[in-house]
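One letter stands for each residue in the lines below.
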Amino acid sequence: MGMRLGDVIDDFCVKCKRLTNHSIVSLLNGSAAKVRCRTCYSDHDYRNEQAPPSKKDLKKAALFNAVLSSVAPAAAEEADGAEPGKAAKKPGKSLET
Ligand SMILES: [Zn+2]
């Protein structure tokens, strides 16, 4: 939409971790496809000024997964004690017993 190569537009730079001036290095259907940060000169896909998921969010997701995986083995161990037959379903576990 009226964008041209070399035009300067705002976009979120993951390296600078903020909105910075970018120049358009690639166009697709008349709008920016790839841009280059004018601060750190790194190229990346134009992200419509959207910030990617923050580290905090990723950490939260990782924590959530860690909790899930720490709960699951404990439950499995209890199940092993109560029902030895279930241990056979888990490769590796059967070698220990
Ligand atoms: Zn940058």
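Residues numbered from 1 in each chain as written. Predicted model: local features only at pLDDT ≥ 70, side-chain atom pairs only at ≥ 80, totals over all residues.

> Looking at this structure, I do not really get the overall build of the protein chain. What am I missing?
A tally of helices and strands in the protein chain yields two helices and four strands. The N-to-C order of helical and strand elements in the protein chain reads β-β-β-β-α-α. Per-residue burial over the protein chain gives 7% buried out of 97 residues. A sequence separation of at least 24 residues applies to 30% of the contacts in the protein chain between residues at least 6 apart. (Helix = DSSP H or I, 4+ residues; strand = E, 2+ residues; numbered from the N terminus. Buried ≥ 20, exposed ≤ 12 C-beta atoms within 10 Å, placed from the backbone. Contact = placed C-beta atoms within 7 Å.)

> What exactly am I supposed to notice about the pairing of strand 2 (residues 18-28) here?
Working note: regular strand, side chains alternate between the two faces of the sheet. Bridging between strand 1 (residues 8-13) and strand 2 involves six bridges; their strand directions are antiparallel. Within the sheet, the bridge partner assigned to D10 lies in strand 2 and is N21. Taking the residues between adjacent antiparallel strands as the criterion, strand 1 and strand 2 are bridged by four residues, where K17 takes a positive phi near 60 degrees. Of the strand pairs in this sheet, strand 2 and strand 3 (residues 31-37) are connected by six bridges, and their pairing is antiparallel. Across the sheet, residue H22 finds its bridge partner in strand 3, namely C37. Linkage of strand 2 to strand 3, two consecutive antiparallel strands, is achieved through a turn of two residues, within which N29 is found at a positive phi near 55 degrees. (Pairing = 2+ DSSP bridges.)

> Teacher, can you tell me more about the sheet that holds strand 3 here?
Sheet strands pair by backbone hydrogen bonding; their relative direction is either parallel or antiparallel. Ordered in space as 1-2-3-4, the four strands form an open sheet in which the pairing is antiparallel. The sheet terminates laterally at strand 1 and strand 4 (43-45), the two strands that pair on one side only. Sheet twist, expressed as the average angle between the axes of neighbouring strands with direction ignored, equals 50 degrees. (Axes fitted to C-alpha atoms, helices over the stretch in contact; angles between N-to-C directions.)

> What is the right way to look at the environment of Y46 in this model?
Mapped onto the secondary structure, Y46 falls in the loop between strand 4 and helix 1 (55-82). Dropping the residues within four chain positions of it, Y46 is found in contact with D11, A32, A33, K34 and V35.

> Is there a simple way to think about the environment of S54 in this case?
When you line up the elements, S54 lands in the loop between strand 4 and helix 1. The class for S54 is exposed, based on 10 C-beta atoms found within 10 Å.

> Sorry if this is basic, but what is going on with unusual backbone geometry here?
It is generally the case that most residues other than glycine have a negative phi and that most peptide bonds are trans. A positive phi angle, near 55 degrees, is found at N48, a position not held by glycine. Here N48 is to be found in the loop between strand 4 and helix 1. Look at E49: it is not a glycine, yet its phi comes out positive at around 65 degrees.

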